[in-house]
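Below, each chain spelled out in residue letters.
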Amino acid sequence: MRATARVDRSLCQGAGLCEAMGPELFRIDEEGYSENSQRNITNEEKVLLLQDIADCCPTGAISVTVSEQD
Amino acid sequence: MTPIEHFPPAELFTKDYYQNPYPTFEWLRTNSPVHEFDFPVGNVRTWMVTRYDDVRTVLADPRFSSEGGTWGNAEFREAGLVSGSGSVLERAITVVDPPAHTRLRRLAMSTFTTRRIAHWRDTVQRIVENTLDDCARRGSFDVMDDYAGVVSSDVLGEILGFRIERHRELVEAIGQAFPSDPGLMDQVPEGFRRICEYAEELVADKRREPGDDLTSALVHASEDGDRLDHEELVAMVAAMIMAGSDTVRAFVGNAVLALLDHPEQCGLMLSSPEYTSSAVEELLRYEGALSTALFRVTTEELELAGTVLPAGAPVIAVLLSANRDPDRFTAPDRLDITRNESRHVGFGHGLHNCLGAALARLEGEIAIPALFRRFPDLARDIPREEVGYIENWAMRRLVRLPVSTGIPVRP
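Everything numeric in this text was worked out from a predicted model, so none of it was measured.

1. Focus on the overall build of chain A
- Across its full length, chain A holds 2 helices and 3 strands.
- Secondary structure elements of chain A occur, N-terminal to C-terminal, as β-α-β-α-β.
- For 70 residues, the compact-globule estimate of 2.2 N^0.38 gives 11 Å, and chain A sits close to it at 11 Å.
- The principal-axis extents of the C-alpha atoms in chain A amount to approximately 35 × 20 × 20 Å.
- Buried positions account for 46% of the 70 residues belonging to chain A.

This is the structure in structure tokens:
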């Protein structure tokens, strides 16, 4: 399983929730907005965390795609 | 005893502070950015954080917990400062850490769908127009009670699906739950009890007769078969009532005052609608509804900006001060709706950033310009120095803002 997360910068309002939930996955840049993007996450726990973060984002700016192929 | 040479311009939580806290914030950012003081309720040793970067750290670093009941020291807990203590609100989304928080937030966010938000746009527009009609009939009115208050409570009522006649009672109960006066602490549990009782009624109503509202959506919200249990549901609805009642009213009031004070900025907002959204962000930065975030408590001894905080220490992050930090914003005391700088913290930051931000932005973007568009000659009815703020440490709200439309009222 591989997951990729994308941050839509036009939707991001810099709430900082993604970085607070997963500092190893997301970083807030100098202006206060979420930086792109995480590719090819294979660790299952991290894939679940990515999905959690995307679901909790207050502006729906994060999308996660998961492919079953290795 | 070492003599203290410097004091903030106004002592914290005094009359002068409430009317104009900004000189005090400036002094604190420069001289005591992590400021130890005795919180007036129970004289609990508390630290106030005023710089932008430090405020962001407090709100994002998991060592600053929202679970006062779990991590707060004995002094803090015994003073009754744990929010919602003894009620279902003790486990509300606002005061829990992950993993409990993640689960609640996912379920709550699943009800804020694009379709629902689009539907709210029509609701807000209709309510704003009706309220403006009523203000036009009056000629002179109070922005707080007759405009911002009506719009925010009508919108919240429709969205949560409740009957408006309860709103005044709810505002009073919220006042009871979050007092400034230490003498009124004994009423806090009663305030929370009343709010929960109303949320309980509302949930029961919507179970019987579901509608196209947020409460009904929360009743049915589920993810992978996981749902909110009854207590969680009541706590969630109660949290939304508390978070959505007075905040939008306060913000719209502050925004209207700021625009009356800066007619050139108001003119620019009206003549260039492309600035509407940046105007709302700037107004949220300039003077949002909340002075501070809810209490955080340290889970361990740690150092913040050179100050050592013991484990269990209560910390107050001052949002108003962070948003006026000159290290982050150029000329921070100037209102500039074209500003395109750092993200403000008017909605907080991190895990507990405002869940209803999209709705609050929507209400601001509609209600604020609409008032000035309908009444281009809107003017204050009282001298500027008589415009005052409520004396509450967490909420930044005007007591009243009487205005006239300048348009003759037909008999």
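2. A closer look at the overall build of chain B
- Along its length, chain B carries 17 helices and 12 strands.
- Relative to the globule expectation of 22 Å for 411 residues, the C-alpha radius of gyration of chain B, 21 Å, shows essentially globular dimensions.
- Seen through its C-alpha atoms, chain B measures out along the principal axes to roughly 70 × 55 × 40 Å.
- Counting across all 411 residues of chain B, residues that qualify as buried make up 58%.
- Taking as baseline every contact in chain B between residues at least 6 positions apart, the subset at least 24 positions apart corresponds to 71%.
- Only carbon and sulfur atoms are counted for the fraction: they give 50% of the accessible area of chain B, which is about 17500 Å².
- Positive and negative side-chain charges in chain B, numbering 43 and 64 respectively, have mean positions lying 4 Å apart.

3. Side note on the nonpolar core
- Residues B:Phe39 and B:Tyr147 are the most contacted members of the largest nonpolar core, which totals 119 residues.
- Here B:Tyr147 is in contact with B:Val128, B:Thr131, B:Leu132, B:Cys135, B:Phe141, B:Asp142, B:Val252, B:Ala367, B:Ala370 and B:Leu371, once residues within four sequence places are set aside.
- Judged by nonpolar contacts, the second largest core, of 23 residues, contains A:Cys18, A:Phe26, A:Ile41 and A:Ala54.

4. Some details on the sheet that holds strand S4 (residues 140-142) of chain B
Residues and elements named next belong to chain B.
- Strand order in this open sheet of 3 strands is S4-S12-S11, and the pairing throughout is antiparallel. A strand with exactly one partner marks an edge of an open sheet, and here the two such strands are S4 and strand S11 (379-380).
- Inspection of the sheet shows S11 paired to strand S12 (residues 402-404) by 2 bridges, in the antiparallel sense. The residue of S12 that forms the bridge with Ala 379 is Ser 404.
- Running at roughly 70° to S4, helix H8 (residues 143-160) makes contact with S4 and S12 of the sheet.

5. Structural notes on helix H13 (residues 247-261) of chain B
- With 15 residues, H13(B) should cover 21 Å at 1.5 Å per step; its first-to-last C-alpha distance of 21 Å lies within 8% of that length.
- Judged by how many residues are buried, H13(B) sits mostly within the fold: 13 of 15 residues are covered.

6. Looking at helix H14 (residues 263-271) of chain B
Residues and elements named next belong to chain B.
- Residues of H14 that are buried: Gln 265, Cys 266 and Met 269. Buried residues of H14 fall within an arc of 100° about the axis and therefore sit on the same side. Opposite its buried face, H14 presents the exposed residues Pro 263 and Ser 271, each directed more than 90 degrees away.
- Of the surrounding secondary structure, the elements contacted by the buried residues of H14 are H13, helix H15 (276-287) and helix H17 (357-374).

7. Re the pattern of salt bridges
Residues and elements named next belong to chain B.
- Taken as a whole, this structure holds 34 salt bridges over all chains when the rule is applied.
- One salt bridge in this structure joins Glu 190 and Arg 193, with 3.0 Å as the shortest N-O distance. Here Arg 193 and Glu 190 lie together in helix H10 (residues 188-208), a separation of 3 residues that amounts to about one turn.
- Given the relative accessible area of 32%, Glu 190 is considered partly exposed.

8. Focus: the interface of chain A and chain B
- The interface is formed by 18 residues belonging to chain A together with 16 residues belonging to chain B.
- Approximately 1500 Å² of surface area, both sides summed, lies buried where chain A meets chain B, with 51% of it carried by carbon and sulfur atoms.
- Our count for the chain A to chain B interface comes out at 3 salt bridges.
- A salt bridge links B:Arg106 to A:Asp55; its shortest N-O distance comes to 2.9 Å.
- At the junction of chain A with chain B, the criterion picks out 10 residue pairs in polar contact (both at pLDDT 80 or more).

9. Some words on the confidence of the model for chain A
- Scored by pLDDT, chain A comes out at a mean of 86, with 94% of its residues at no less than 70.
- When pLDDT is averaged over each helix and strand of chain A, the minimum, 78, is found for strand S2 (residues 38-41) of chain A and the maximum, 91, for helix H1 (residues 17-21) of chain A.

10. Structural notes on the side chain of B:His101
Residue and element names in this part refer to chain B.
- Tracing the backbone through its elements, the reader meets His 101 in helix H6 (residues 100-109).
- Within polar-contact distance, the side chain of His 101 engages the backbone oxygen of Leu 351 at 3.4 Å.
- Residues within four places of His 101 in sequence aside, it is in contact with Ile 93, Val 96, Leu 351 and His 352.

11. Quick look at the environment of B:Val387
Residue and element names in this part refer to chain B.
- On the secondary structure map, Val 387 appears in the loop between S11 and S12.
- Residue classification places Val 387 among the buried residues on the basis of a relative accessible area of 7%.
- Each C-alpha atom of the pair Val 387 and Thr 57 lies 34 Å from the other, and the pair is 330 residues apart in sequence.

12. So, the sheet that holds strand S1 (residues 2-7) of chain A
Residue and element names in this part refer to chain A.
- The 3 strands lie next to each other as S2-S1-S3, forming an open sheet whose pairing is antiparallel. Each edge of the open sheet carries a strand with a single partner, namely S2 and strand S3 (62-67). Across the sheet, the axes of successive neighbouring strands diverge by a mean angle of 15°, strand direction being ignored.
- Alignment of S1 against S2, held across 2 bridges, turns out to be antiparallel. When the sheet's bridge partners are listed, Ala 5 is paired in S2 with Gln 38.
- Packed onto the sheet, helix H2 (residues 44-56) meets S1, S2 and S3 and runs at close to 145° relative to S3.

Cut-offs applied
- Residues numbered from 1 in each chain as written.
- Chains lettered and ligands numbered in written order.
- Predicted model: local features only at pLDDT ≥ 70, side-chain atom pairs only at ≥ 80, totals over all residues.
- Heavy atoms only, no water.
- Helix = DSSP H or I, 4+ residues; strand = E, 2+ residues; numbered from the N terminus.
- Rg over C-alpha atoms; globule rule 2.2 N^0.38 Å.
- Buried < 20%, exposed > 50% of the residue type's maximum accessible area, 1.4 Å probe, protein only.
- Contact = heavy atoms within 4.5 Å.
- Areas by Shrake-Rupley, 256 points an atom, 1.4 Å probe, with all protein chains shown as cover.
- Lys, Arg positive; Asp, Glu negative; His and termini not counted.
- Charge placed at Lys NZ, Arg CZ, Asp CG, Glu CD.
- Core = buried A, V, L, I, M, F, W, Y, C linked by side-chain atoms within 4.5 Å.
- Pairing = 2+ DSSP bridges.
- Axes fitted to C-alpha atoms, helices over the stretch in contact; angles between N-to-C directions.
- Expected span 1.5 Å × (residues − 1).
- Arc of directions from axis to C-beta.
- Salt bridge = Lys/Arg side-chain N within 4 Å of Asp/Glu carboxyl O.
- Buried area = accessible area lost by both parts, 1.4 Å probe.
- Polar contact = N/O pair within 3.5 Å; in protein donor to acceptor, adjacent residues only side chain to side chain.
- pLDDT = per-residue confidence, 0-100.

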